[in-house]
Amino acid sequence: MDQHDAILSDELNHASIIDGCRLSRAKVIRFKHSDMNDLRQQAKDAKESGQYHKIMVITDGVFSMDGDIAKLPEIVKIAEEFDLITYVDDAHGSGVLGAGAGTVKHFGLSDRIDFQIGTLSKAIGVVGGYVAGKKQLIEWLKLRSRPFLFSTSLPPAAIASCSASVDILMNDKELIEKLWENGNDLKNGLSRLGYDVGQSETPITPCIIGDEVTTQQFSKRLYEEGVYAKAILFPTVPKGTGRIRNMPTAAHTKEMLDQVISVYEKVGKEMNLI
Ligand SMILES: Cc1ncc(COP(=O)(O)O)c(C=O)c1O
C-alpha cells in the first residue's frame, strides 16, 4: 500500500498494525470495532470516491486485549463486494483456532484472504513472524518488503525451534484442547467470583477492573500472592477499561488455575472489587 491507497482498519487493531499502516503512507480509515455496517459504509464511500488506487481491509484475527474473534466471513463478503484486499493479523489465532492453523482456517476462508500474517512468539513460543499468501504475492514481498530485505534473518536455532513447535502443534491436538479447557476454567472461575471477563471467545481472559490506578494496584497484589498477570491500561485500551489480561497456556495445571482463582478471590475481597 502507498500514498495512493486507503486502508480500512478496525479501531481495536493492535498497535503494530496501526504503525504499519502509518508507515505505508496510505490513508487510514478506521471503522468501529467489528461493526460490519460501519465497515460496509466506509468501504462503499472509499470505493465510490474514486480517490484510491487500492483499498485494503485489515484486522486482528483474535483481538489481543479482549479475546473476541474478527467477523471474517462478513469481512470477506464486504471485501468481495468492494474489491478490497484482505489482511488478517493472526498473532493470537495461530496455535489456538482452526486446529492450530488460525482464524482464517477456523472459518474455512484460506483461499479468500490475501494476507495472513502472524507471530512465532506466542503459541509457537520462539521469535519471528510469517506472512502467508499467494505464491506471487510472497515472491513480490521478498523483493519489495523493506523491513524484510534490510534486516538480519532469524538464526538457525530459532528456525529449528519454530519448525519443531509447528510439528508438535500439527501432531498433538491435546495441547490445543488443554489450552481451551484452561481458558474456559479460568473464565468460569473468575465469572463465578463476580469479575467482568468481557466478551472473550478465546483463552485470552481479560478481567476488567476499570480505574487505571486500581488496576495497577490489583496486578501488584496478585503478583505478591504468586500470580503474574499484567495490568493493561490506557492508551493500550480505552480510558476507564483498565484490565488484567490473563493468558492461560496448555502448560498450566488444574491446581495452578485453582490457585489463581483463589488468589483472585482473596485480593478482590481485600480491595472491595468483588
Ligand atoms: C496482533 C499482534 N500482532 C503482532 C504482534 C507482534 O508480535 P511480535 O512481538 O512477535 O513481533 C502482537 C504482539 O503482541 C500482536 O498482538
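Small disclaimer: the values here were computed from a predicted structure and weren't measured. (Residues numbered from 1 in each chain as written. Predicted model: local features only at pLDDT ≥ 70, side-chain atom pairs only at ≥ 80, totals over all residues. Heavy atoms only, no water.)

### Remarks on the sheet that holds strand β4 (residues 85-89)
Under the convention used in this document: Strand pairing follows a simple DSSP-based rule, namely that at least 2 bridges must link the two strands. The helix and strand labels rest on DSSP assignments: H or I over at least four residues marks a helix, E over at least two residues marks a strand, and numbering proceeds from the N terminus. Fitted lines through C-alpha atoms serve as axes, helices being fitted only where they are in contact, and the angles separating the N-to-C directions of these axes extend from 0 to 180 degrees. When checking whether two residues touch, look at their non-hydrogen atoms; a contact exists if any pair is within 4.5 Å.
With mixed pairing, the six strands of this open sheet are ordered in space as β2-β1-β3-β4-β5-β6. Every interior strand has two partners, whereas the edge strands, β2 (27-31) and β6 (129-132), have only one. If you compare each strand with its neighbour and ignore which way they point, the axes differ by 20° on average. Sheet topology places strand β5 (residues 115-119) next to β6; four bridges connect them, and they run antiparallel. Residue pairing in the sheet places Q116 in a bridge with A132 of β6. The sheet strands contacting helix α2 (residues 36-49) are β1 (6-10), β2 and β3 (55-60), and the helix crosses β2 at an angle near 155°.

### Re helix α7 (residues 156-171)
Applicable threshold: Given a helix with a known number of residues, its expected span is that number minus one, times 1.5 Å. Only protein chains enter the accessibility calculation, which uses a 1.4 Å probe; a residue is then buried when its area is under 20% of its type maximum, exposed when over 50%, and partly exposed in between. The directions from the helix axis to the C-beta atoms are what the arc is built from.
Spanning 16 residues, α7 covers 22 Å between terminal C-alpha atoms, matching the ideal 22 Å at 1.5 Å per step. Restricting attention to buried positions, one finds in α7 the residues A158, C162, S165 and L169. Along α7, the residues classed as buried sweep out an arc of 60° about the axis, all on the same side. Across α7 from its buried face, at more than 90 degrees, point the exposed residues P156, A157, M170 and N171.

### Looking at the packing of helix α9 (residues 212-224) against helix α10 (residues 254-270)
Our working rule: Orientation categories follow fixed angle ranges, with anything under 35 degrees roughly parallel, anything over 145 roughly antiparallel, 65 to 115 roughly perpendicular, and all other angles oblique. By the definition used in this description, the sense in which the near helix is turned from the far one sets the handedness, with an anticlockwise turn below a right angle giving left-handed and a clockwise turn giving right-handed. Residues are grouped as follows: Ala, Val, Leu, Ile, Met, Phe, Trp, Tyr, Cys and Pro are nonpolar; Asp, Glu, Lys and Arg are charged; all remaining types, including Gly, are polar.
Relative orientation of the contacting elements α9 and α10 amounts to 135°, with a least axis distance of 10 Å. Judged by the angle between their axes, α9 and α10 are oblique. The way α9 lies across α10 gives a crossing that is right-handed. Between α9, through F218, R221 and L222, and α10, the contact on the second element is made entirely by V263, Y264, V267, G268 and E270. For the contact of α9 with α10, the per-class residue count stands at five nonpolar, one polar and two charged.

### Thoughts on a nonpolar patch on the surface
Here is the rule we go by: Excluding any residue in a salt bridge, patches collect residues exceeding 30% relative accessible area, merging like charges within 9 Å and nonpolar Val, Leu, Ile, Met, Phe, Trp and Tyr side chains within 5 Å. Residue exposure ignores everything except the shown protein chains as possible cover, and the areas themselves are Shrake-Rupley values with a 1.4 Å probe. Any Lys or Arg side-chain nitrogen found within 4 Å of a carboxyl oxygen on Asp or Glu counts as a salt bridge.
Together, F148, L149 and F150 make up an exposed nonpolar region whose accessible area comes to about 360 Å². When you line up the elements, L149 lands in helix α6 (residues 146-149). By relative accessible area, L149 is classed as partly exposed at 40%.

### A few points about unusual backbone geometry
The bulk of non-glycine residues show a negative phi, and the bulk of peptide bonds are trans. A cis amide bond, omega 10°, links F234 with the succeeding residue P235. By the element assignment, P235 lies in the loop between β8 (230-232) and β9 (242-246). Despite not being glycine, S34 shows a phi value in the positive range, around 50°. Within the element layout of this structure, S34 appears in the loop between β2 and α2.

### Quick word on the packing of aromatic side chains
Heads up, the condition is: Only the six-membered ring of Trp is used, alongside the rings of Phe and Tyr, when aromatic pairs are assigned; centres must lie within 6.5 Å, and planes under 30 degrees apart are stacked while those over 60 apart are edge-to-face, with the rest tilted. A ring is considered to have a charge above it if a Lys NZ or an Arg CZ atom is located within 6 Å of its centre and within 35 degrees of its normal.
Under the counting rule described, the total for this entry stands at five aromatic pairs. Plain terms: the ring middles of Y195 and Y264 are 5.4 Å apart, the flat faces sit at 80° to each other, and that makes the pair edge-to-face. Residue Y195 is located in the loop between α8 (174-193) and β7 (205-210), and its partner Y264 is located in helix α10; the two are separated by 69 residues in the primary sequence. By relative accessible area, which is 7% here, Y195 ends up buried. According to the relative accessible area criterion, Y264 is buried, its value standing at 0%. Its guanidinium or amino end placed over the ring of F234, K239 lies 4.5 Å from that ring's centre, counting from NZ or CZ.

### Observations regarding the layout of surface pockets
Let me state the cut-off plainly: Think of a 1 Å grid over just the protein atoms. A cavity is a set of points where a 1.4 Å probe fits yet cannot get out, a pocket is an open set with protein on both sides within 12 Å along at least five of seven lines, and lining residues have an atom within 4 Å of a point. Grid points are joined across faces, edges and corners, and a volume is the space filled by probe spheres set on the points.
By volume, the largest pocket is sized at about 2000 Å³. Y87, V131, L141, S145 and P147 are, among the 50 residues lining the largest pocket, the residues nearest its centre. Where the lining of the largest pocket is concerned, the elements lending two or more residues are α1 (15-24), β3, β4, β5, β6, α5 (135-144), α6 and α7. Classifying every residue of the lining of the largest pocket by side-chain character gives 25 nonpolar, 15 polar and 10 charged.

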